[in-house]
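The chain contents come next:
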Amino acid sequence: MPLSIHDWPNSYIGRSVPRPNARRLIHGRGTYVDDIRLPRLVHVAFLRSPYAHAAIRSIDVSAAQRSPGVVRVVTGVEMAKHCKPWVGVATHMRGLKSAPQYALAVDRVRWQGEPVVAVVAQTRAQAEDAVALVEISFEELVPVADMETALDPGTPVIHADLGDNLAFELRVEAGKVDAAFAEADVVVEETFHFGRNTGVTLESRSTLADYCAGEGKLTVYMSSQAPHMMKNVIAKHLGLDEDNVRVICNDVGGSFGIKIHTYPDEMCATALSVMLKRPVKFVADRLESFVSDIHARDHRVKARLAVNRDNRITALEVDDLTGIGPYSAYPRTSAVECHQVVNLTGGAYDFANYRAHGRVVFQNKNLMCQYRAVGHPIAFSVTEGLVDAAASKIGIDPAEFRRLNLRADDAYPYTSASGLQFEKLSHQKSLAKILAMMDYDGLRRQQATLRRDGIYRGIGLAAMIEVTAPSGAFYGVGGVPIAAQDGCTIRLDPTGGITCATGIAETGQGSETMVAQIAASAVGVPIEKVRVVTGDTETTPYGGGTWASRATAIAGEATLQAGRALRANILEVAGALLQSAPADLDIRNGAVVDADTGVERMTLSDVGKTVYFRGHELPDGVKPELVATRHYTPRDYPVAFSNAVQACSLEVDVETGFVKMLKYWVVEDCGTVVNPRLVAEQIRGGVILGIGAALYEHCIYDNQGQMLNASMIDYLVPMAVEMPDVEIGHIATPTAETVLGAKGAGEAGMGGAPAAVVSAINDAIGVFGVRITAIPATPLQILEALGKIDKKGQ
Amino acid sequence: MIADREITLTVNGERVVQRVAPRQSLIDFVRENLGLTGSHVGCEHGVCGACTMRVNGLLVRGCLTLAVQADGADIHTIEGISDSGEIAALQAGFLERNALQCGYCTPGMLLTAADLLKDKSSPSREEIREHLSGNYCRCTGYQSIVDAVEDAAQAMAGGSS
Amino acid sequence: MKPAPFDYAKPHSAEEVFALLERYGDDAHLLAGGQSLLAGLNMRLSAPAILIDITGLEPLRGIVNSNGVLRIGALTTYAQVKASAEVARAAPLLSEVIPWIAHPAIRNRGTVGGSLSHADPAAEMPACMLALEAQVEIAAKGGRRKVAAANFFRGLFETDLKPGEMLTAIEVPAIRAHYRSNFSEFARRRGDFAMSGLAAHARFDGEVLHDVRLAYCGVDTRPVRARTAEQVLEGRTLGREVLAEVKAALAQDLHPPDDLQATGEMKLHLSQVLAERVLTAMARAEGG
C-alpha cells in the first residue's frame, strides 16, 4: 500500500510552515510596482469623465502640452490607433453582448471616471497639473442610473448598435416548480438588495510598462493576479508579437480579483510606453481607484422558497437583476457574477424543483466584474435569508431547519437541480461541528436571558458551497484565452537546492509557500532548500495565475507530480552511481538514503555536482534529467466544490441600530490542507471582507450616475476595532481527482459572511417582527426597520 | 516658479541634505528622493496608515506631512527600525502568526505596534485593536496581527534583560 | 492625488505672519498640524498660493493654568492635551474627548487651534469648547481680541476669524467644584466623523443638575448648544420623565441635515439617545 502524501517522511503537507517570502515584507524590502525605478521613467495621469453619460464636444490640449514637465498629451482618437478596443464577450455566455471599449473614450463618455485624456510628464504631480489645464467641453446626456428601469422603453439605450441595455439573460428550470409552490405548506418570499462594493486593495492598481525600441520587446511590471493572461491581452490589443511581451508580477499589495481585469488606463499606459519608447508608470491614486477599479455585487434578487409539511424544502425560485457598467469587462465578462448567482443559490440544500432567471443590464456607472467569491455572497444571502424566513414562519429552530434540509453527507456523487456536479461534500458533519464549537445551545440560553434585560443578541448561520479550481469549462470553452491548467517546473541544482517555477501568482495568500511545501515533500528536501519563482511570464510555465481558489488544487497538483517526477529522475541517476536499484532508495531531508534503513548514501548536492560537473563519471546509457515539468488540468469535474458553514454572534443596539460583532466561527472543508495556518488566514480575511459587505461597504450612486462616496473617508471598510476574532474548525474530504486531494479555500470566508451576519441581525431583531433584506445593514436601515425613525422616501 | 527648499534632516540615523518642492509630501520624499520604498502610499488622505513613519519619536502620517516640515527632524522608517533590531520580536511574531499576507500594510502596522509597546508592555487585545484603529488591512482581517502583537509583547516582557 | 503647487514660508514671529497674510490675502493659508488642510490639498479641494507654517511660533505653545483659567496654546497637539496633567485637572472633558478624535498618528500632529479654525461641523473639539464656554484668543496686526466660543463658530467651516487674523490660544474656565463632564459620540467606526457627538458639562448638587451645557457636533453646520434641553434640566434630577422632556426639547433645538450616513431624523434620534446615555453616565460618575 503506497504511502499517502501525509505519510511521506518529513512531509510538509499539513504543516503550518511560516512563509519564506514574508521575510522581506516584514523588513520593508518588498518590491511593489511603484518601488521600481527605471531610466527615463515618466508618469501618466488621466483626465476622467466628470459625467456618467455625455458626448465629448471638443478637447483643447494646447495649454496642457505647454505645462512644465509634460512629455505628451494623448486623446482617444489618437490612442485608438495604438490600442485596439476590446469586447467583453465569450461564446459560452450565449447571448452576451457588449460594445467595443477603448483605452481612452472616443466621442462619448459612458461612466463617471472613464479615462478621456492621458497626460505624460516627468512626475505624477506635473501630469496632474497639466490635466487641470486640459480644456474639454461635454454635452450631457441622460444617464442610465437605475437598473430597475434600464430596460424600460423610455430609457436611453447606451449603445445604439446593441439595440437595448440588456447585456445577458439566463434561464434555468428543473423539476416542477409551479406545482411545488402550489402544493407547499409554507412559502416565503423576499426581495433582497445588495450594495455595490469595490475591492479597495491597499496597493492601488499599478503598471510600469517598459518598451525597448532596439529589441522591439515590451516588459510590463504589473500588480496583477494573472501575468500570462495579461501578456496575451496586451500583445493582442497593442498589435505586438506575444512572444515579445513579458509580464512580471513581483509583490502585489492585495488583489481579491480587482487586478485580474483589463483596464483602459493600464492599457493606455502600456501603449504610451510603446509610443514614447521609454518606461511609463501608472499608479491609480485612491480617488481614481474608486471610480475605475471594477465594482461588484450590485444586485436585486426576488426569491421564494417552498416548504412542505415535513419541513423539507421542495422548491426555490430566483429572479436576479444586476446592473453592471456600460461595458462587459474583458476578458472574463460581466455575466459571470449573475451566472454564479443562478448556479449557486440553494446549492447546499437538497431539493428538486428550481427556477432561476437572471438579467444583466448596462448602466452608466463604473464597470462590474469578478471580485472575491464572485456571486457567492449574493447566492447564499438569498438562500440563507429564505431559510431563516421559513424557519421563523414555521417556528422551528434555524439550526434544526438547516439540519433537516442540508444535503446528506452520503448523497454523493450528486448533480443539483441547477446542474452543479458535486463529488463529495460534508454539510451535515460541518453543521454538527460548528454547533458544537460555538456552543449553540449555550448561546441560545444566553440570548434569552439577555433579552429580558433589553439586550438583543443574534446568532446567525450560513451554509455554503464554494466554486474552486475550475476546469476549462469556465472560460476556455468560451474562447477566452485564460488557462485552466497550470504547470510546475522543478530543477535540482548542484547546491542540493531545488527551484520551482510555476504559472500561478502570489498576491499574499501564500501560494509560493504552498508550492514550496509540496515540492519539498514530493522531492524529499528541507523546505529551506526550496526556491519558488512565480509571476514572470518569461521564466515560468504557461499558467493561469491565481483566481477562483485554483492555486493549491491545480498548481499544487502539478507541483506534486513534477516533484515526484524529479525524484524518480534523481533516484535513477543515484541508483546508477550507487549501483542500487532505484526502488531500494529514497530521498529524505536532502539526501539519497537506503529506503529500508534510512542510511545516507549520498547527498542531493553530490548527485547534482556529479551530473553537472563530472558527467564522465556516469555509466553509459544514463541520461540524467535533473529537471521535471508537469502540468495539470482538472477534467472529471467542471468545478471542485468545497463547502463551509459559518456562524456569528452579535449584538444589535436597538436604540441606535449599531451592530457589535462579538464572535465568529467557520468550519471549512477544502479537502487536503497543505498549510493549515494559511488556509485559516484566508478564511479570516474573507470573513472580514464579508462583514464589510454586510455592514459597511456601499458604492453610493445618485440618479445622475455620480458616485457620492468615492474616498476612503466615505466608503467604509472594516478596521481593527470593530472586527471580531474568527475561530476556525476543519473537516477534510479530499478530492479523488488528484493525488494531493486539495480543493480551494480562498473565497469561502467572503462567500458566506454577509449571509451569516444578516442571519444574526434578523435573529436579534426578529422579536420585533421585522427583518432586513438589504446590505449593507446600516444603523439607518435597522432603525427604519425597527420603526424608531420613519423610512425616508426613495 | 516656486523655488525648491533645502532641508537637512536625519533619516534612520543618516544625515540627509536635499532640495524639495514645498508641495512634496514626506512619504513621497522618503520613497522618491531617498529610495526608502518600505513605507507605502495607500490613500493620501491620512486614513489608511500605509505611510506611517516616525518623526521625532512620534508616529505620523507621511502623506499629511510636508517634506519641508521635516527640516531638522529625526525620521525613522521601517527600514531603520528593522535594521537596528528594534522590532525583532514584532517581526518574529508577525512571521509566526502569518500576520501579513500581501505585506503592503505591514510596515505601517509594525511602526504602530512598536509605538504601542513603547508605552504599554502588556496591552489587552482591545488596546491593541484600538491603537491599530487607523491602520487598514484588507488581507488578514486583523486577528493574526493582534495575535502577533500580543506574542511580541509577551516575548519582550518575559525575555527582557 | 498630489496637491497643486504652492509656496511655503515659516515665519519666526507673529509680525511676519501678519505681513504675509496681508500680502497674499485669500491666496494664503495658515499651516499648523496640517492634518485637515493637507488632506484637502491632496484632493485638490483648494489651491492656495502659499502655506504659512506657524509651528515656529513658540508663544503659541504651552498649557498654563492660572487664576482659574486654563490657557491652551493654539499649537498644542491633541496628544499633548491628552498627556497634560493640567488639562486632566482643570478641564477633564478635554482629556476625555481625545481618544474619540481620529487616530494616534493624526493626534500627534493635529492641533487644538487648527481644529477650531477649521471648524469641521463633525469635529469634537469645537463642541467641547462650546460646552466649556471657552474663549478664543485671536491676534492680528492691530492687536488681540477674544471671542466666546458661542460666537466663534458661525457656519459650515466658517468662523469669526477675519482676513489677517490668527487664532493664538484658547482660554477655558477651570472646572469648579461639583461640576462633571462627559463626552460620547456615535460614529460608524473608531475615529470616524461623529454622526452625532455630545459634550456635556454640568454642576451636580447631589442629584440636582445646574448650569447644564449640552453641545452637539455632527448635527448642524457648526457645533450647537441644545439650549431648550439645557433649560429643561436646570434644577432637576434625572429620571424617566425628565429625560423624555429633554428628548422632546432636543427636537426643538436640533434640525440636523441629511448626509451620506444618516438622515436628519436619524441624527436627531441619535442625539436624543446620546443625551440619555451621557447624562446617565454623568449622574453615575463620582466626584466633581
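Residues numbered from 1 in each chain as written. Chains lettered and ligands numbered in written order. Predicted model: local features only at pLDDT ≥ 70, side-chain atom pairs only at ≥ 80, totals over all residues. Heavy atoms only, no water.

Draft legend 1. Spatial organisation of the packing of helix H11 (residues 398-405) of chain A against helix H12 (residues 427-438) of chain A. Residues and elements named next belong to chain A. Put simply, H11 and H12 touch, their axes get as near as 10 Å, and they point 160° apart. Put simply, H11 runs roughly antiparallel to H12. When the axes of H11 and H12 are compared, the crossing they make is left-handed. Contacts from Ala399, Arg402 and Arg403 in H11 reach Gln428, Leu431 and Leu435 in H12. Here the residues of the contact of H11 with H12 sort into three nonpolar, one polar and two charged. (Axes fitted to C-alpha atoms, helices over the stretch in contact; angles between N-to-C directions. Helix = DSSP H or I, 4+ residues; strand = E, 2+ residues; numbered from the N terminus. Parallel < 35°, antiparallel > 145°, perpendicular 65-115°, else oblique. Left-handed = near helix turned anticlockwise from the far one by under 90°. Contact = heavy atoms within 4.5 Å. Nonpolar A, V, L, I, M, F, W, Y, C, P; charged D, E, K, R; others polar.)

Draft legend 2. The arrangement of the domain arrangement of chain C in detail. Residues and elements named next belong to chain C. Along its sequence, chain C is carved into domain 1 (7-53), domain 2 (58-173) and domain 3 (179-284). Between the C-alpha centres of domain 1 and domain 2 the distance comes to 19 Å. Counting residues at the interface gives ten residues for domain 1, matched by 13 residues for domain 2. Summed over both partners, the interface of domain 1 with domain 2 buries about 910 Å², with 71% contributed by carbon and sulfur atoms. Joining domain 1 to domain 2, the criterion identifies one salt bridge. For Lys141, the salt bridge is made with Glu22, and the minimal N-O distance between the two is 2.9 Å. Where domain 1 meets domain 2, there are one residue pair in polar contact (both at pLDDT 80 or more). For the side of domain 1 that touches domain 2, the element with the most residues is helix H1 (residues 14-24), which contributes five residues. (Domains from an automatic or database assignment. Buried area = accessible area lost by both parts, 1.4 Å probe. Salt bridge = Lys/Arg side-chain N within 4 Å of Asp/Glu carboxyl O. Polar contact = N/O pair within 3.5 Å; in protein donor to acceptor, adjacent residues only side chain to side chain.)

Draft legend 3. Region of interest: the interface of chain B and chain C. Across the boundary between the two partners, chain B contributes 22 residues, which contact 28 residues of chain C. Here chain B packs against chain C, burying approximately 2300 Å² in sum over the two surfaces, 55% of which is carbon and sulfur. Three residues stand out in chain B for area buried against chain C, namely Arg23, Leu64 and Gln69 of chain B, and they jointly supply 28% of the buried area on that side. Applying the counting rule to chain B against chain C returns four salt bridges. Of the charged contacts in the structure, one is a salt bridge between Arg5 of chain B and Asp7 of chain C, with a shortest N-O distance of 2.9 Å. Taken together, the links from chain B to chain C amount to 13 residue pairs in polar contact (both at pLDDT 80 or more). When contributions to the side of chain B that touches chain C are tallied by element, the ones reaching two or more residues are strand E4 (58-61) and helix H5 (125-131) of chain B.

Draft legend 4. Layout of the packing of helix H17 (residues 676-695) of chain A against helix H18 (residues 748-765) of chain A. Residues and elements named next belong to chain A. Contact geometry of H17 with H18 gives a least axis separation of 7 Å together with a crossing angle of 50°. Considered as vectors, H17 and H18 are oriented oblique to each other. Crossing hand, H17 versus H18: right-handed. Seen from H17, the contacting residues are Ile683, Gly686, Val687, Leu689, Gly690, Ile691, Ala693, Ala694 and Leu695; seen from H18, they are Gly749, Met750, Ala753, Pro754, Val757 and Ile761. A per-class count over the contact of H17 with H18 returns twelve nonpolar, three polar and no charged.

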